[in-house]
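These are the residues of each chain, in order.
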Amino acid sequence: MTRAPAALLRSALFVPAAHARALEKSASLAVDALIFDLEDSAAEGEKGEARERLRGHLASRGRQTAGGPLRVVRINPLDTPAGTEDLLMACAVRADAILLPKVEGPEALEQADIALQHCDAPPTLALWAMVETPMGVLKAGAIAGAALSRPLGALVVGPNDLVSAAGLLLSPGRPELMPWIGPILVAGHAHRVPVLDGVYNDFADLDGFSAECSAGRRLGFCGKTLIHPSQIGPADAAFGPTPDEIAAAEAIVAAFAEPAHRGRGVIRLDGRMVERLHLLQAEALLARVAAIRTRKGPTR
Ligand code: COA
Ligand code: MG
């Protein structure tokens, strides 16, 4: 039995819908997901205009193309005047997912799910949740396990809001953030929801960014949210399998396929013990490689 391949979410770029040039530029980028933002990056007075600009942009481009970026819309909270308008727009332009900000419990997701049912959104329209407040971290398990009629596509760590809410003073390697990140990762993995790491603000520092991506991958994040196009390449590299990992996975699959090893639970390979769970991991990794190979560049 092989596992269903996990969604490819190495790189997820926030695109401020308030900025016409950034929106235009986003159509030329090869990235796993575009998160069109109507929340933090749009000032109060810009929100209506940003929503209409995004409506025009997404409506004129149709659905996600095979191998093209996932199209996610980060809306304003549903208890603010802009939130419902944003949700209706995202539904009307047939976005692939809606990202809810500042989720503090399963209720926010369940409320959005019901609102989407009322506007006849397809059941494939996923919800994503930003976990970026102390209460959100405390309730991360319940958020990841929310009872929804549609997929919960990702949990997204929001470090800027967390740092501000908890008065954190970050040092290099962000050890101060780990107690906040940990519960979100555990919740995501327990409920099989991918967890995306938060943004790295200093977009001119690509070495620091790459180091944070590598650390994020080692922690179990599926990918990273980004703020600038220059961060896409390093994120894809850090969260994609390395040539050594691909070779090792191919060797494991080949070894278990040998007639002498068929049906065996555990085998010896290059002096090491390899179990069936390693075969499943290897197959999942190779499925990811296949998905990466079909990932397209700009399609529109
Ligand atoms: N998405 C798409 N395009 C972007 C982009 C983004 N997030 N950030 C920059 N670009 C584009 C610029 O529009 C510019 O395009 P052009 O060549 O057509 O003029 C090009 O990339 C180079 O940008 P640059 O001049 O280096 O940056 P900037 O000063 O225009 O923008 C920021 C810097 C930080 C304001 C911008 O990157 C940004 O708004 N990022 C996202 C912020 C956000 O969404 N925050 C909320 C989530 S944390
Ligand atoms: Mg935020």
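Each value, and the rule that gives it
Residues numbered from 1 in each chain as written. Chains lettered and ligands numbered in written order. Predicted model: local features only at pLDDT ≥ 70, side-chain atom pairs only at ≥ 80, totals over all residues. Heavy atoms only, no water. Near = heavy atom within 4 Å. Polar contact = N/O pair within 3.5 Å; in protein donor to acceptor, adjacent residues only side chain to side chain. Areas by Shrake-Rupley, 256 points an atom, 1.4 Å probe, with all protein chains shown as cover. Helix = DSSP H or I, 4+ residues; strand = E, 2+ residues; numbered from the N terminus. Nonpolar A, V, L, I, M, F, W, Y, C, P; charged D, E, K, R; others polar. Contact = heavy atoms within 4.5 Å. Domains from an automatic or database assignment. Buried area = accessible area lost by both parts, 1.4 Å probe. Salt bridge = Lys/Arg side-chain N within 4 Å of Asp/Glu carboxyl O. Donors = N, O, S within 2.8 Å, 3.2 Å for Na, K, Ca; no water.

A few words now on the site of ligand 1. Close to ligand 1 lie 14 residues; Phe14, Arg21, Ala22, Ile227 and His228 are nearest. Phenylalanine 14 is positioned such that a nitrogen or oxygen atom in its backbone is 2.7 Å from a nitrogen atom of ligand 1. Arginine 21 places a polar side-chain atom, nitrogen or oxygen, 2.8 Å from an oxygen atom of ligand 1. When isolated, ligand 1 has an accessible area of 880 Å², and the protein chains bury 64% of it. For the shell around ligand 1, the elements supplying multiple residues, two or more each, are strand E1 (11-16) and helix H1 (20-26). Broken down by element, the shell around ligand 1 gets its largest block of residues, 4 residues, from E1. Classifying every residue of the shell around ligand 1 gives 8 nonpolar, 2 polar and 4 charged.

On to the environment of proline 229, then. For proline 229, the position within the fold is in the loop between strand E8 (223-226) and helix H10 (232-239). A C-alpha to C-alpha distance of 9.4 Å links proline 229 and alanine 30, two positions 199 residues apart in sequence. Those residues in contact with proline 229 that sit more than four places away from it in its chain are Leu13, Lys25 and Leu29.

Once that is clear, we can look at the domain arrangement of the protein. Assigned domains within the protein: domain 1 (11-239) and domain 2 (243-296). Measuring from the centre of the C-alpha atoms in domain 1 to the corresponding centre in domain 2 gives 32 Å. Every contact between the two is made by 9 residues of domain 1 and, on the other side, 5 residues of domain 2. Between domain 1 and domain 2 lies a buried interface of about 560 Å² when both sides are counted; carbon and sulfur atoms form 25% of it. The tally of links from domain 1 across to domain 2 stands at 2 salt bridges. Notably, a salt bridge pairs arginine 217 with glutamate 245, separated by 3.2 Å at the nearest N-O pair. Here domain 1 is connected to domain 2 by 4 residue pairs in polar contact (both at pLDDT 80 or more).

Coordination sphere of the magnesium ion (ligand 2), protein contribution only: Asp40 (OD), Glu132 (OE) and Asp161 (OD), at 2.1 to 2.5 Å. As a motif over one chain, the donors of the magnesium ion (ligand 2) read D-x91-E-x28-D. Separated by 92 residues along the polypeptide, aspartate 40 in the loop between strand E2 (33-37) and helix H2 (47-59) and glutamate 132 in the loop between strand E5 (126-131) and helix H5 (134-138) bring together distant segments of the chain.

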